[in-house]
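An overview of the molecular structure
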Amino acid sequence: MKKILVIGSTVVDVIINLDHLPRTAEDVNVSGQQMAMGGCAYNASEILRNFDVPYILFSPVGTGVYGDFVRAHLAEEGIMPVIPTPDRENGCCYCFVEKGGERTFISYHGAEYAFRKEWFDALDASDIGAAYLCGLEVEEPTGGVILDFLEQHPGITVYFAPGPRIVNLQQEKLDRLYDLHPVLHLNEEEAVSSAARLTGTAPADVREAASILHRRTGNTVIATLGPAGCWYDTGAASGRVPGVPAETVDTIGAGDSHIGAVMARLQQGASLPRALADANRIAAAVVGTKGARLSREAFRQAMDGR
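Quick summary incoming for the structure in this document. (Residues numbered from 1 in each chain as written. Predicted model: local features only at pLDDT ≥ 70, side-chain atom pairs only at ≥ 80, totals over all residues. Heavy atoms only, no water.)

**A closer look at the overall build of the protein chain**
Along the backbone of the protein chain there are 11 helices and 12 strands. For 306 residues, the compact-globule estimate of 2.2 N^0.38 gives 19 Å, and the protein chain sits close to it at 18 Å. The principal-axis extent of the C-alpha atoms belonging to the protein chain is close to 50 × 45 × 45 Å. When each of the 306 residues of the protein chain is scored for burial, the buried share is 53%. Counting contacts in the protein chain only where the partners sit at least 6 residues apart, residues at least 24 apart contribute 68% of the total. (Helix = DSSP H or I, 4+ residues; strand = E, 2+ residues; numbered from the N terminus. Rg over C-alpha atoms; globule rule 2.2 N^0.38 Å. Buried < 20%, exposed > 50% of the residue type's maximum accessible area, 1.4 Å probe, protein only. Contact = heavy atoms within 4.5 Å.)

Here's what the structure looks like:
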């Protein structure tokens, strides 16, 4: 089985629990805080690891207190960074979790978002079957380096999970990404806004949005719908895969875990509807857990519930 190249960030999530986000000049108290491993790439890779799917976590880890935190926790998990330590501070993500479990991110970007050509040159592309990336890495000034590598290896299946920052992605980079024929993974709002950006007109619903995006990329579009599950469109088939009931603790990492499960199950030979059903289970387990990381036991419980 070929490996999945997971391109992106590994950061410290500083999780801050509070009743509601403050207004300007308002004083609020927090009900709890903690530091945890996070970052889109790391979160997705953890699901691959739980599924025992081979992968490469291609994530720069910088210096400073956050870099030390990340390296120490990766070492505990037996994960050795494949990229040399950049001479730049690692960043973090401040995750504000409100009473209902919804999260708001404020990110401090550091070394984890800057990529270099020589790092990609050192990879054995013949051993890589798929690659994951999110919009944040591509949006950065060095995002072109990532696109160059993927364009040079058209046999690699690209999974693109842009997140809400897709509206900020430069058109030239977005066009290059779409030309790679990626599997798109977005939430409903992101799918609708991305389709509107393509056509100049807001689509009627997520179904129309997915159809528009599929026509542009020529590949599968997956739109997550929260508790309602997810919608998919392959061109030949489309439909909704129901969600799994969950008691929401917080929604940190739910999307990352969902795409991680989709990639893992497709790599293992599952059909798309089966992969999406399993991904819905994993995402439900993640929103029922504080932070983005599932323990092995929680992962097994989620999958045993099939």
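**Comments concerning the nonpolar core**
General note: in soluble globular proteins, nonpolar side chains tend to be found buried as a group. Ranked by size, the top nonpolar core spans 53 residues in total, and within it Phe51, Tyr132 and Ile282 carry the most contacts. Among the elements that line this core, the one with the most residues is helix 10 (residues 272–287), at seven residues. Among all residues touching phenylalanine 51, those that are not within four sequence positions of it are Ala261, Ala264, Arg265, Gln268, Ile282, Phe299 and Met303. (Core = buried A, V, L, I, M, F, W, Y, C linked by side-chain atoms within 4.5 Å.)

**Notes on the packing of helix 5 (residues 143–152) against helix 6 (residues 171–178)**
Here helix 5 crosses helix 6 at 20°, and the two axes come no closer than 10 Å. When the interaxial angle is binned, helix 5 and helix 6 end up roughly parallel. Classified by chirality, the crossing of helix 6 by helix 5 is left-handed. Where helix 5 abuts helix 6, its residues Gly143, Gly144, Leu147, Asp148 and Glu151 lie against Lys173, Arg176 and Leu177. Here the contact of helix 5 with helix 6 is built from residues that sort into two nonpolar, two polar and four charged. (Axes fitted to C-alpha atoms, helices over the stretch in contact; angles between N-to-C directions. Parallel < 35°, antiparallel > 145°, perpendicular 65-115°, else oblique. Left-handed = near helix turned anticlockwise from the far one by under 90°. Nonpolar A, V, L, I, M, F, W, Y, C, P; charged D, E, K, R; others polar.)

**Overview of the pairing of strand 11 (residues 230–233)**
A two-sided burial pattern is seen for strand 11, the buried positions comprising Cys230 and Tyr232 on one face and Trp231 and Asp233 on the other. Pairing of strand 10 (residues 221–224) with strand 11 involves four bridges; the strand directions are antiparallel. Note that in strand 11 the partner of threonine 224 across the bridge is cysteine 230. Counting the residues between successive antiparallel strands, the hairpin from strand 10 to strand 11 contains five residues, one of them, glycine 226, with a positive phi of roughly 65°. (Pairing = 2+ DSSP bridges.)

**Overview of the packing of aromatic side chains**
If you walk through the whole model with that rule in mind, you get six aromatic pairs. Aromatic side chains phenylalanine 58 and phenylalanine 115 sit 6.2 Å apart centroid to centroid with 20° between the ring planes, which places their arrangement in the stacked category. One end of the pair, phenylalanine 58, is in strand 4 (residues 55–58); the other, phenylalanine 115, is in the loop between strand 6 (103–108) and helix 3 (117–121), with 57 residues separating them in the sequence. As far as burial versus exposure is concerned, phenylalanine 58 and phenylalanine 115 are alike and both buried. Taken together, a centroid distance of 6.1 Å and an interplanar angle of 40° make the contact between phenylalanine 115 and phenylalanine 120 tilted. Residue classification places phenylalanine 120 among the buried positions, given a relative accessible area of 4%. An aromatic cluster is present here, built from Phe58, Phe115, Trp119, Phe120 and Phe149 joined pairwise through their rings. (Phe/Tyr/Trp six-rings, centres within 6.5 Å; stacked < 30°, edge-to-face > 60°.)

**Some points on the pairing of strand 12 (residues 238–241)**
Burial of the side chains of strand 12 is restricted to one face: Gly239 and Val241 are buried, whereas none of Ser238 and Arg240 on the reverse face is. By the bridge criterion, four bridges tie strand 11 to strand 12 in an arrangement that is antiparallel. Residue pairing in the sheet places aspartate 233 in a bridge with serine 238 of strand 12. Here strand 11 folds back onto strand 12 in antiparallel fashion, the turn holding four residues, of which glycine 235 has a positive phi close to 90°.

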